[in-house]
Amino acid sequence: MVRVKLWGSLRALADGEEWVEVEASNFKELLDALAEKHPGLAPQIKRGVSLALDGVIYREAWFTKIGPENEVILMPYMVGG
Amino acid sequence: MAFDAQAKRNFKVVGTRVTRPDGIDKVTGKAAYGADIAAPGMLYGRILRSPHAHARIVSIDTSAAEALAGVKAVVTGADLAQPDDEDFADVAINCLARDKVLYDGHAVAAVAAKSKSIAKQAIRLIKVDYEILPHVTDVDAAMQPDAPVVQEGRALETVPAGMSQNVTTHCQFGHGDLDAGFAKADKIIERSFKTAATHQGYIEPQACMASLGSDGRGEVWCCTQGQYMVRANCAAVLGVEESQLRITSSEIGGGFGGKTSTFIEPVALALSRKSGKPVKIVMTRDEVLKATGPTISSSMDIKIGMTKDGRITAARGELRYSGGAYPNGTVNMGAQAAFAAYDLEAVETVGWNAMTNRPKEIPYRAPGAPTAIYAVESVVDELCQELGLDPLDVRLMNAARKGTVSSYGPTFNDIGLVATLEAAKAHPHYTAPLGENQGRGLSCGFWFNFGGNTCVSLNINDDGTVGVVEGNPDIGGSRASISMMAAEELGVPYDKVRTVIADTSSLGFNDITDGSRVTFAVGLATIEAARAAIKEMCSRVAKIWDIDEDAVIWEDGCAKPAGPNAGTHPPMTLAEIAAIAGKTGGPIAGHHEVNADGAGVSFGVHLCDTEVDPETGATKILRYTVFQDAGKAVHPDYVEGQMQGGAVQGIGWALNEEYIYGEDGRLQNAGFLDYRVPVASDLPDIETVILEIPNPGHPYGVRGVGETPIVPPLAAISNAVSRAAGGRMTELPMSPPRLLKAMTG
């Protein structure tokens, strides 16, 4: 199981949970599992999210390995100028 | 790709100040910018724009314009496709409005004619019948439940029910017990701030020339930060396949985020499709200011508690951003960045975006961060003043560092904030004496940086030179830095490498030049492409020497035998290997395609001395020093240029630049006479101090530097002015009338 932290405004769409546990071994599985467990998150996931893995921010790397030992933080999709 | 194991690498090219490859062309006028492109039979396009802030288009009569001699085509929104995708649909209706105009300057129709004067005359002949609607240009007013609605049904699912339909985005970040944190504070300050929208202020207006034939094949030459983005937008808006469009980016006269969208290219293509001729459109400065994207305007509330010895106990911010007439997520970035410089037990940032009748917001260096950090750093400075504390010591005491749980969630790895603050503290600027009406301001800044989709092709030429092909327009010196990294890796002199920017048909997809990504991500891909070419060259040499590939190493630009069974062979240079490539297996090249991650966040600290004139309210910048963790500075001149440029743009944002709207919702200052950007005579020499803390996510330790420098100036200058003026300033810009009013009550 992987614990993933949701940012605050997503929590209302995930039964008020700050940390959600899902079965996943990579970024894609995590997103799929989150959307299945909490369908309210699906629109945001479809629009795009970033993922911080042990402090390193990934934008779209589906097959990045994730394990229970990792700190996993869901973040909005990064944009820049 | 991780930082190279050879931690003590002695760089030979990287870190030097080589001659920039575009310098001579730019100073001699040879560089071809967007407006310099021409074609035989070319027509001139001109766009009719709305004179109203908000109105329904009842009808458009183009017959008189079409009948004018020399006019070859007229288009309206009906000539563009209506993409299903919301982002593409927004691009389409922003290029040419359909049912409503959403802001003063919104494009309504366009003509293509044989001359500029005929085109100008023709747009005056287009008759548009408008039904004027109520408008709103202020973010706080737009969030009121009874505010005029800019667009209906655009709110995301995170926006609570019952709010104005203008509110499209809501976000919240943070951790800890705020009530408990504020209860521990000896002093709490709450302040509200407002900042005006500012434009990126690039000198070169948007310009393009486009051709689209009846066979559906098209070409566009334009100034842009991303030719692949232009291709995607044009394909969606014109309803053609991407493979049929070839987009070539010109030399670019500034972007700063402002050229990360499209405004005129689809219009020029539509006019070309209708007329059968190439069409050129060059925006006027008035059009650039009215209709291309400025940054957000903001309204913010900040509350911070501090103990009497300087420890921040809790912090909360509420940000209300307006990104103009379309939804956008810039407030997400601002809300995440607001408190990123601090190690906080209790922090919360709440963000809202509201639509207003203003042009569509387009990113501006570190979008969302400068305003949020301006407000936060202003309150931190005021707390330091109230408690009699040194503002630099307080920031050091509270600074985020390795192991800090950031205000936006992740735990920081190695970051350079403390080192940057210590460099500022040790610098003579920090203790230099100040005179009457003078003040010193300080601010931290932060930006995320990112990598993204990148392709690089590196060709070993038969004369021993090297060509690098990459797909990101060079807005900050990337051709030099990419050539330098290729030269470093291959072991050849810098002047043996030339880097060019490919069109969309000549190289795989690349994300736009944004997010401070290019030196990091394209550099990373270039190093990998060079390593692929080296591997191939070593393989060729192994065959020549009839030894195992593993017995050939690459060192100082040569293949050399290595290991006990390699035998004795004279080294072969890259040029020697290249000269016989045809005989050893064919052309030698390396390429690399990646969606790069691991860009590494960046921190900066700015110090600013100002003098205020109590009689006029004018502010003079006396001294300005920028400290920034750049990772490995590939070309220090360019890094310093980014740091200086960010400071200067921030000076404009803080002191003079603002979008001023009248009661009628029309922009009052659409020109550089009334929208005042800093000029050289306004500025002192901007001093720079580069700190090189390697980014563990790049083989040379490179991290992005282009956006962080615009984050701290707003607060650094406001803090300096507030101290000089003897009162806290809470609104930007601090133009002379506004400052004079604050000083005289």
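What you are looking at is a predicted structure, and each value in this text was computed from that prediction instead of being measured.

A. Structural view of the overall build of chain A. Tallying secondary structure elements over chain A gives three helices and five strands in all. The C-alpha atoms of chain A give a radius of gyration of 11 Å, which matches the 12 Å a tight globule of 81 residues would have. On the principal axes, the C-alpha backbone points of chain A span a range of 35 × 25 × 20 Å. Counting all 81 residues of chain A, 56% fall into the buried class.

B. Spatial organisation of the overall build of chain B. Of regular secondary structure, chain B possesses 20 helices and 27 strands. In summary, chain B has a C-alpha radius of gyration of 27 Å against a globular reference of 27 Å for 745 residues, a match within 12%. For chain B, the spread of C-alpha atoms along the principal axes amounts to about 85 × 75 × 50 Å. When burial is assessed residue by residue, chain B has 63% of its 745 residues classed as buried. Look at the contacts in chain B between residues 6 or more apart in sequence, and 79% of them connect residues 24 or more apart. Working note: accessible area of chain B is about 26400 Å², and carbon and sulfur atoms make up 49% of it. Considering chain B, the positive charge centre built from 66 side chains and the negative charge centre built from 89 side chains are found 4 Å apart.

C. The arrangement of the pairing of strand S3 (residues 49-53) of chain A in detail. Residues and elements named next belong to chain A. Most of S3 is tucked away, with five of its five residues classed as buried. Of the two faces of S3, both are covered, the one formed by Val-49, Leu-51 and Leu-53 as well as the one formed by Ser-50 and Ala-52. Relative to strand S5 (residues 72-76), S3 is paired through five bridges, and the arrangement is antiparallel. Bridge assignment links Leu-51 to a residue of S5, and that residue is Leu-74. Sheet analysis places S3 next to strand S4 (residues 56-58), joined by three bridges and oriented antiparallel.

D. Broad picture of helix H18 (residues 636-655) of chain B. For H18 of chain B, built from 20 residues, the straight-helix expectation of 28 Å at 1.5 Å per residue is met to within 8% by its first-to-last C-alpha distance of 28 Å. Taken across its 20 residues, H18 of chain B has 16 buried, putting it largely inside the fold.

E. Region of interest: the sheet that holds strand S11 (residues 245-249) of chain B. Residues and elements named next belong to chain B. Within the open sheet, the seven strands sit side by side as S3-S5-S1-S12-S9-S10-S11. Their pairing is mixed. The sheet is open, and its two edges are formed by strand S3 (71-76) and S11, each paired on a single side. Taking each pair of neighbouring strands and ignoring which way they run, the sheet shows an average axis angle of 20°. One ladder, built from six bridges, connects strand S1 (residues 43-49) with strand S5 (residues 107-113); its direction is antiparallel. Paired with Arg-46 across the bridge in S5 is Val-111. The sheet strands contacting helix H4 (residues 116-124) are S1, S3 and S5, and the helix crosses S1 at an angle near 25°.

F. Spotlight on the interface of chain B and chain A. On the side of chain A, 29 residues touch chain B, which itself brings 38 residues to the contact. Together chain B and chain A conceal approximately 2400 Å² of surface at their shared face, both sides included; 55% is due to carbon and sulfur atoms. Looking at the side of chain B facing chain A, the largest losses of area belong to Glu-157, Phe-450 and Asp-597 of chain B, adding up to 23% of the total buried there. Where chain B touches chain A, the interface holds two salt bridges. The salt bridge partner of Arg-47 of chain A is Glu-157 of chain B, with a shortest N-O separation of 2.8 Å. Here chain B and chain A share 10 residue pairs in polar contact (both at pLDDT 80 or more) between them. Contributions of two or more residues to the side of chain B that touches chain A are made by strand S7 (167-175), helix H10 (330-337) and strand S17 (452-460) of chain B. For the side of chain B that touches chain A, the element with the most residues is S7 of chain B, which contributes six residues. When the residues that make up the side of chain B that touches chain A are grouped by side-chain class, the tally is 13 nonpolar, 19 polar and six charged.

G. Representation of the packing of aromatic side chains in the model. Residues and elements named next belong to chain B. Counted by the stated rule, this structure contains 16 aromatic pairs over all chains. Geometrically, the ring pair formed by Tyr-408 and Phe-448 is edge-to-face, given 5.1 Å between the ring centres and 70° between the ring planes. One end of the pair, Tyr-408, is in the loop between helix H12 (391-398) and helix H13 (417-426); the other, Phe-448, is in the loop between strand S16 (438-447) and S17, and 40 residues separate them in sequence. With relative accessibility at 5%, the residue Tyr-408 sits in the buried group.

H. Up close: the nonpolar core. Membership of the largest hydrophobic core comes to 122 residues, with the highest contact counts inside it found for Leu-30 and Leu-74 of chain A together with Ile-304, Phe-446, Phe-448, Tyr-624 and Ile-717 of chain B. Of the residues forming this core, the biggest block, 10 residues, is contributed by helix H11 (residues 369-387) of chain B. Excluding residues that lie within four positions of it along the chain, Ile-304 of chain B makes contacts with Phe-182, Lys-187, Ile-188, Ile-189, Ile-312, Ala-314, Ala-315, Phe-339, Val-376, Val-379, Val-380 and Leu-383 of chain B.

I. Looking closely at the environment of Ala-581 of chain B. Residues and elements named next belong to chain B. With respect to the secondary-structure elements, Ala-581 resides in helix H17 (residues 581-584). Here the alpha-carbon distance between Ala-581 and Met-537, two residues 44 residues apart in the chain, equals 8.8 Å. When residues no more than four places from it in sequence are discounted, the contact partners of Ala-581 are Arg-540, Gly-586 and Ile-588.

J. View of the side chain of Thr-260 of chain B. Residues and elements named next belong to chain B. When you line up the elements, Thr-260 lands in the loop between S11 and helix H8 (265-275). On the basis of relative accessibility, which here comes to 11%, the residue Thr-260 falls in the buried class. A polar contact is formed between the side chain of Thr-260 and the backbone oxygen of Gly-257, at a distance of 2.7 Å. The contact partners of Thr-260, leaving out residues within four places of it in the chain, are Gln-225, Met-229, Ile-362, Pro-363, Ile-512, Thr-513 and Asp-514.

K. Molecular detail of unusual backbone geometry. Residue and element names in this part refer to chain B. Here the amide bond leading from Leu-732 into Pro-733 is cis, since omega sits at 0°, within 30 degrees of zero. Mapped onto the secondary structure, Pro-733 falls in the loop between strand S27 (731-732) and helix H20 (736-744). The backbone phi angle of Phe-256 is positive, close to 55°, even though this residue is not glycine. Along the chain, the position of Phe-256 falls in the loop between S11 and H8. Assessed through its relative accessible area of 27%, Phe-256 is described here as partly exposed. In this structure, Ala-366 is a non-glycine residue whose phi angle is positive, near 55°. Along the chain, Ala-366 falls in the loop between strand S15 (347-354) and H11. With a relative accessible area of 0%, Ala-366 lands in the buried category.

L. Focus on the environment of Gly-368 of chain B. Residues and elements named next belong to chain B. One can find Gly-368 in the loop between S15 and H11. Classification of Gly-368 by relative accessible area gives buried; the value is 2%. Residues Gly-368 and Gln-151, 217 residues apart in the sequence, show an inter-C-alpha distance of 22 Å. Dropping the residues within four chain positions of it, Gly-368 is found in contact with Tyr-321, Thr-330 and Gly-334.

M. The domain arrangement of chain B, seen in detail. Residue and element names in this part refer to chain B. In terms of domain boundaries, chain B breaks down into domain 1 (23-31 + 452-595), domain 2 (34-134 + 209-283) and domain 3 (423-449 + 600-745). Computed from C-alpha coordinates alone, the two centres of domain 1 and domain 2 are separated by 39 Å. Taken together, the contact between domain 1 and domain 2 spans 19 residues of the former and 16 residues of the latter. With both chains or domains summed, domain 1 and domain 2 bury close to 1500 Å², and 54% of this area falls on carbon and sulfur atoms. Of all residues in domain 1, Pro-473, Thr-504 and Ile-512 bury the most surface against domain 2, accounting for 38% of the area lost on that side. In this structure, Arg-246 engages Asp-503 in a salt bridge whose closest nitrogen and oxygen atoms are separated by 3.7 Å. Counting the contacts that link domain 1 with domain 2 gives eight residue pairs in polar contact (both at pLDDT 80 or more).

What counts, and where the lines are drawn
- Residues numbered from 1 in each chain as written.
- Chains lettered and ligands numbered in written order.
- Predicted model: local features only at pLDDT ≥ 70, side-chain atom pairs only at ≥ 80, totals over all residues.
- Heavy atoms only, no water.
- Helix = DSSP H or I, 4+ residues; strand = E, 2+ residues; numbered from the N terminus.
- Rg over C-alpha atoms; globule rule 2.2 N^0.38 Å.
- Buried < 20%, exposed > 50% of the residue type's maximum accessible area, 1.4 Å probe, protein only.
- Contact = heavy atoms within 4.5 Å.
- Areas by Shrake-Rupley, 256 points an atom, 1.4 Å probe, with all protein chains shown as cover.
- Lys, Arg positive; Asp, Glu negative; His and termini not counted.
- Charge placed at Lys NZ, Arg CZ, Asp CG, Glu CD.
- Pairing = 2+ DSSP bridges.
- Expected span 1.5 Å × (residues − 1).
- Axes fitted to C-alpha atoms, helices over the stretch in contact; angles between N-to-C directions.
- Buried area = accessible area lost by both parts, 1.4 Å probe.
- Salt bridge = Lys/Arg side-chain N within 4 Å of Asp/Glu carboxyl O.
- Polar contact = N/O pair within 3.5 Å; in protein donor to acceptor, adjacent residues only side chain to side chain.
- Nonpolar A, V, L, I, M, F, W, Y, C, P; charged D, E, K, R; others polar.
- Phe/Tyr/Trp six-rings, centres within 6.5 Å; stacked < 30°, edge-to-face > 60°.
- Core = buried A, V, L, I, M, F, W, Y, C linked by side-chain atoms within 4.5 Å.
- Domains from an automatic or database assignment.

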